[in-house]
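Coordinates in review
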Amino acid sequence: MKIAVGHSLDPDSLEAIDEVLEQCDRILEGAKPKAGILFAAIGFDYALILKRIDEVFPNIELIGGTTDGEVSSIFGFQQDSITLMVFDLEDVEIRAAVGRNISEDPTRIARETVEKALESINTSPKFCIALPESLTTSTVSILSGLQLALENVPIFGGATADNWEFQCTHQFYKTEVLSDSVPILLFAGDLLFSHGVSSGWKPLGKKGVLTKVDRNIVYKIDNNSALDFYRYYLDGLTAVAEYPIAVFSPDTTQFYLRGCMGYDESAGSITLAGDVFEGAVIQIAEAACEDILAASKIAFKNAMETYPGENPIAVLIFSCASRRHLLGMMTNEEYEIIQGCFDRDILSCGFYTYGEISPLLNKNKAVFHNITFTSLLIGK
């Protein structure tokens, strides 16, 4: 079993991808990988990069997307770079598929994308990696479609980003550069994995129930104005964006976060960075920078403690772009903290996302997170 990682800071697209491929080839020792995942900053010539990968690793099952920052075991946290993880796994089937024009019907198209990938594998999938569009449609609806087709198969990944510009993100599928799509990678066969997820945010005050919701806009909490719920804790409304809501999973104390993107004073509503549902139990949440940083260590340790084998080979990292912006100059510490937990050389690769996809701890069904750190360990 071989997994390789390459990472380049070169601003020239061709030189950058050649450097990345040389790094991967050195680890693979001439083997040709079956699949790969590419994370790239905004501004590269993606068509050229994908074409070059296919020339060096013909017919590779490749997916990827644009980012708000990249991480790897080679250079840690970086911006304006490209990083690639490739897989040469014996007795493991890996298949890529893509759903195009996802905004036309996100749930249906996502489900059909998985069904197409399932037709080409001979064993039940162990897990799925998805790197969906984040700006043109509901990522929650995309995830719902993926989960409908996969049932109890866990899904991991992150929504593609565009360096906090919120204009256009790109997704990669083999040699295609796309937008408004969802590329996926199914893993099946003889491999082990585990995951960790943590945000660092702590619920405060009383719980409430969402009583009037329109997708990602909350109008009523406990049948009162959503803004009134916030006013109970905040002197002014300028700080609404600094306090996400914790949405509790049914029959558990675990929760996922929804970031607050803004509010409408006249409607008394708040706008969230992802859909929520009427009847959900919520609390306002808060965190300090040290809590946010500590969460990355907690997530990685959770993954290590639940890993079913002894020595994972690689870790995929999906952390939220909001965490990066909150941490500012401290962002590199997030990666350094988990690197300090490695008891040996584990290859890593990942990116800062516009929303993370992962099950909660001890769960199989994935949820869409905001402002959260997730890690996926892989091995044989």
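Data block above holds the structure.
Everything quoted here is computed from the prediction, not taken from an experiment. (Residues numbered from 1 in each chain as written. Predicted model: local features only at pLDDT ≥ 70, side-chain atom pairs only at ≥ 80, totals over all residues. Heavy atoms only, no water.)

Some details on the nonpolar core
Ile37, Phe87, Ile129, Leu185, Phe187 and Leu316 are the most contacted members of the largest nonpolar core, which totals 29 residues. Here this core takes 4 residues from strand β7 (residues 92–99), the largest share from any one element. Once residues within four sequence positions are removed from consideration, Leu185 is found in contact with Ala35, Gly36, Ile37, Glu61, Ile63, Ile94, Arg95, Ala96, Phe127, Cys128 and Ile129. Core analysis: the next-biggest nonpolar cluster, separate from the first, contains 28 residues, Ile142, Leu186, Ala188 and Ile357 among them. (Core = buried A, V, L, I, M, F, W, Y, C linked by side-chain atoms within 4.5 Å. Buried < 20%, exposed > 50% of the residue type's maximum accessible area, 1.4 Å probe, protein only. Helix = DSSP H or I, 4+ residues; strand = E, 2+ residues; numbered from the N terminus. Contact = heavy atoms within 4.5 Å.)

Observations concerning a nonpolar patch on the surface
Together, Leu9, Ile74 and Phe75 line one region of the surface with nonpolar side chains, adding up to about 220 Å² of accessible area. Tracing the chain through its elements places Phe75 in the loop between β4 (70–72) and β5 (76–78). (Patch = residues over 30% accessible without salt bridge, like charges linked within 9 Å, V, L, I, M, F, W, Y side chains within 5 Å. Areas by Shrake-Rupley, 256 points an atom, 1.4 Å probe, with all protein chains shown as cover. Salt bridge = Lys/Arg side-chain N within 4 Å of Asp/Glu carboxyl O.)

Concerning the packing of helix α6 (residues 289–306) against helix α8 (residues 331–339)
Running from amino to carboxyl end, α6 crosses α8 at an angle of 35°, the nearest separation of the two axes being 9 Å. In this structure, α6 meets α8 at a crossing whose hand is right-handed. Facing α6, whose interface residues are Ile292, Leu293, Ser296, Lys297 and Phe300, α8 presents Glu333, Glu334, Ile337 and Ile338. Classifying every residue of the contact of α6 with α8 gives 5 nonpolar, 1 polar and 3 charged. (Axes fitted to C-alpha atoms, helices over the stretch in contact; angles between N-to-C directions. Left-handed = near helix turned anticlockwise from the far one by under 90°. Nonpolar A, V, L, I, M, F, W, Y, C, P; charged D, E, K, R; others polar.)

Quick notes on the environment of Phe75
A relative accessible area of 32% places Phe75 in the partly exposed class. A sequence separation of 67 residues divides Phe75 from Ser8, and the C-alpha atoms of the two residues are 8.3 Å apart. If we ignore the near neighbours within four places in the chain, the residues touching Phe75 are His7, Ser8 and Leu9.

Remarks on helix α4 (residues 139–150)
Over its 12 residues, α4 extends 16 Å from the first C-alpha to the last, a length consistent with the 16 Å expected when each residue adds 1.5 Å. Counted residue by residue, α4 has 10 buried out of 12 residues, so it is predominantly covered. Among all positions of α4, only Thr139, Val140, Ser141, Ile142, Leu143, Gly145, Leu146, Gln147, Ala149 and Leu150 are buried. Its side-chain oxygen placed 3.3 Å from the backbone nitrogen of Val140, Ser138 serves as the N-cap of α4. Following α4 by one or two positions, Glu151 adopts a phi angle in the positive range, close to 50°. (Expected span 1.5 Å × (residues − 1). Polar contact = N/O pair within 3.5 Å; in protein donor to acceptor, adjacent residues only side chain to side chain.)

Here's the deal with the sheet that holds strand β22 (residues 314–320)
One open sheet accounts for 6 strands, arranged β5-β4-β23-β22-β26-β13; its pairing is mixed. Edge positions in the sheet fall to β5 and β13 (192–198), since each of these pairs with one other strand and no more. Here the average twist between neighbouring strands, direction ignored, is 15°. Two elements, β22 and strand β23 (residues 347–353), share 7 bridges in a ladder whose sense is parallel. Within the sheet, the bridge partner assigned to Ser319 lies in β23 and is Tyr352. Of the strands in this sheet, β13, β22 and β26 (373–379) touch α6, which is tilted by about 150° from β13. In this fold α8 packs onto β4, β5, β22, β23 and β26, with an angle of close to 160° to the strand it touches most, β5. (Pairing = 2+ DSSP bridges.)

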